[in-house]
Amino acid sequence: MTEALKQYVLLNPGPACTSPEVKQALLTPDLCHREPEFYAVVRQVREELAELAGGGGDWSTVVFSGSGTAAVEANVTSVVPPDRKLLVIDNGVYGDRMRQMAAASGIPHQTLHFHWTEAARPADVGRAFEDDPSLSHLAVVHHETTTGLLNPVEALAGVCRTYGRALIVDAMSSFGGEPLDVRWGIDYLVSSPNKCLQGLPGLSFVVARRAALESLSGIPPRSVYLNLLNQWQAQEADDTPFTPAIQLFFALRQALEELRAEGLEERFGRYREAAAALREGMETLGFQPIVPPEWRSNTLTTYPLPRGVSYPVLHDAMKRRGYIIYAGQGDLKRWAFRIANMGVLTALDMEGAVAAMRDSLAEIG
């Protein structure tokens, strides 16, 4: 017999809690991925994602079957010409991951390091461009899920425009949850359905300028599967080079329908209210976020662990009460934990999480 799984309130930064309708959308009839019924869903999803990002006909969406990291790696490894270099902003695990992708693919690159609780400084990016004309692209994480820090993407886009460089934005855990618009000057926006879009894991996508995608034809491919140009050209022709995760496209279509019904600004507002409820409640318990207020996102908060309490002990106490918190990453794993308010959660859910934290601390002593 299959053991029934308990439904928890997911406070991890994706996959997030979804609606019953999104999960139900997976129950489609068996469908071949080369039939027009499937291509119609792919077209709809691609068009809606580009529109949601602020792009019109000048932008197009490329969808990959794979986690968010798949689309990030496809982007990073597909767009930098052999004779140019990538500039990477590293102020968290995910910025450093893009550096690792460039290194693994033999892409010349330079890294600007900032503290994990410090936003990137646009002036430093400008100086890097002045010092090295071979830098053709800037790669930055909008919402560094390592800590809950927001990098100033709009200002960085302005620097890229000034110096004529292209901008790659990892918007994995901010797209649909924080204001973000490709018209700021973003050439490539990368994200996934299973965070603020409130879809399911297993797909990822790049919203890019058509002109930028068309220019990739002169760059030798560095991957077969994670080839941005090849994937885009196939999808533009209602085709696919590989078997995609068919049912997940239907779940994403449902999630986008729910976002339209809620309204993008209304979703931003719900996330802001949920984050405020969490932070106000946690403050009454003596917790303070590690990221300064001016750089905090509205979707995730990182807190120091209470003195003498390990993460596994706190995690298990919260899980017994129906809530899943998340460990810190890198060096933060030893002394911090994260609480996200992505997905279908509301301020009331976060008040429940605070109450569960209060009871967990009382239990731990």
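The following paragraphs examine the structure supplied in this document. (Residues numbered from 1 in each chain as written. Predicted model: local features only at pLDDT ≥ 70, side-chain atom pairs only at ≥ 80, totals over all residues. Heavy atoms only, no water.)

### Focus on the sheet that holds strand β14 (residues 336–340)
- The strand order across the open sheet built from three strands is β11-β14-β13, with neighbouring strands paired in antiparallel fashion. Of all the strands in the sheet, the pair left with one neighbour each is β11 (300–304) and β13 (326–327).
- As defined by bridge partners, β11 adjoins β14 across five bridges and the pair is classed as antiparallel. Bridge pairing links Leu-300 to Ala-340 in β14. (Pairing = 2+ DSSP bridges. Helix = DSSP H or I, 4+ residues; strand = E, 2+ residues; numbered from the N terminus.)

### Re the nonpolar core
- Ranked by size, the top nonpolar core spans 50 residues in total, and within it Val-125, Leu-138, Leu-167, Phe-175 and Leu-189 carry the most contacts.
- Ranked by residues supplied to this core, first place goes to helix α9 (residues 246–262) with nine residues.
- Residues Val-80, Val-141, Ile-168 and Ala-208 belong to the second largest nonpolar core, which totals 31 residues. (Core = buried A, V, L, I, M, F, W, Y, C linked by side-chain atoms within 4.5 Å. Buried < 20%, exposed > 50% of the residue type's maximum accessible area, 1.4 Å probe, protein only.)

### Here we look at empty space enclosed by the protein
- On inspection of all chains with the given rule, the structure shows two cavities of 30 Å³ or more.
- In this model, the largest cavity occupies a volume close to 120 Å³.
- Taken together, 14 residues make up the lining of the largest cavity; nearest its centre are Gln-231, Gln-235, Thr-240, Pro-244 and Phe-249.
- With three residues, helix α2 (residues 36–52) is the largest single contributor of residues to the lining of the largest cavity. (1 Å grid on protein atoms, 1.4 Å probe; cavity = no way out; pocket = protein on both sides within 12 Å on 5 of 7 lines; lining within 4 Å. Points joined across faces, edges and corners; volume = space filled by probe spheres on them.)

### A closer look at the layout of surface pockets
- What the largest pocket holds in volume is close to 400 Å³.
- Within the residue set of the lining of the largest pocket, elements represented by two or more residues are α3 (68–79), α4 (93–104) and β6 (143–144).
- The residue makeup of the lining of the largest pocket, split by class, is 11 nonpolar, 11 polar and five charged.
- Each pocket or cavity is described by its volume, and for the second largest pocket that value is around 260 Å³.
- What lines the second largest pocket is a set of 16 residues, among which Gln-7, Leu-10, Ala-16, Cys-17 and Thr-18 lie closest to the centre.
- The residue makeup of the lining of the second largest pocket, split by class, is 10 nonpolar, three polar and three charged. (Nonpolar A, V, L, I, M, F, W, Y, C, P; charged D, E, K, R; others polar.)

### Things to note about the packing of aromatic side chains
- Using the criterion set out here, one finds eight aromatic pairs in the structure.
- Considering the side-chain rings of Tyr-303 and Phe-337, the 6.0 Å spacing of their centres and the 35° angle between planes classify their relative orientation as tilted. Residue Tyr-303 is located in strand β11, and its partner Phe-337 is located in strand β14; the two are separated by 34 residues in the primary sequence.
- A relative accessible area of 0% means that Tyr-303 is categorised as buried.
- The class for Phe-337 is buried, based on a relative accessible area of 0%.
- These aromatic residues form a ring-pair network of at least three members: Phe-38, Tyr-39 and Phe-249. (Phe/Tyr/Trp six-rings, centres within 6.5 Å; stacked < 30°, edge-to-face > 60°.)

### Remarks on the sheet that holds strand β8 (residues 166–170)
- Across the sheet, which stays open at both edges, the seven strands sit in the order β2-β10-β9-β8-β5-β3-β4 with mixed pairing between neighbours. Both outer strands of the open sheet, β2 (59–65) and β4 (109–113), are each paired with one neighbouring strand and no more. Mean inter-strand twist for the sheet, computed between neighbouring axes without regard to direction, equals 20°.
- Judged from the five bridges that link them, strand β5 (residues 135–141) and β8 form a sheet pairing that is parallel. Across the sheet, residue His-137 finds its bridge partner in β8, namely Ala-166.
- Contacting β3 (85–90), β4, β5 and β8, α4 crosses the sheet at an angle of about 155° to β3. (Axes fitted to C-alpha atoms, helices over the stretch in contact; angles between N-to-C directions. Contact = heavy atoms within 4.5 Å.)

### Here's the deal with the environment of Gly-92
- Take Gly-92: it is sitting in the loop between β3 and α4.
- Separated by 115 residues in the primary sequence, Gly-92 and Val-207 place their C-alpha atoms 23 Å from one another.
- Apart from the residues lying within four places of it in its own chain, the contact partners of Gly-92 are Trp-116, Glu-144 and Thr-146.

### Overview of the environment of Gly-281
- Within the secondary structure layout, Gly-281 lies in helix α10 (residues 264–284).
- For the pair Gly-281 and Val-354, spaced 73 residues apart in sequence, the C-alpha separation works out to 5.9 Å.

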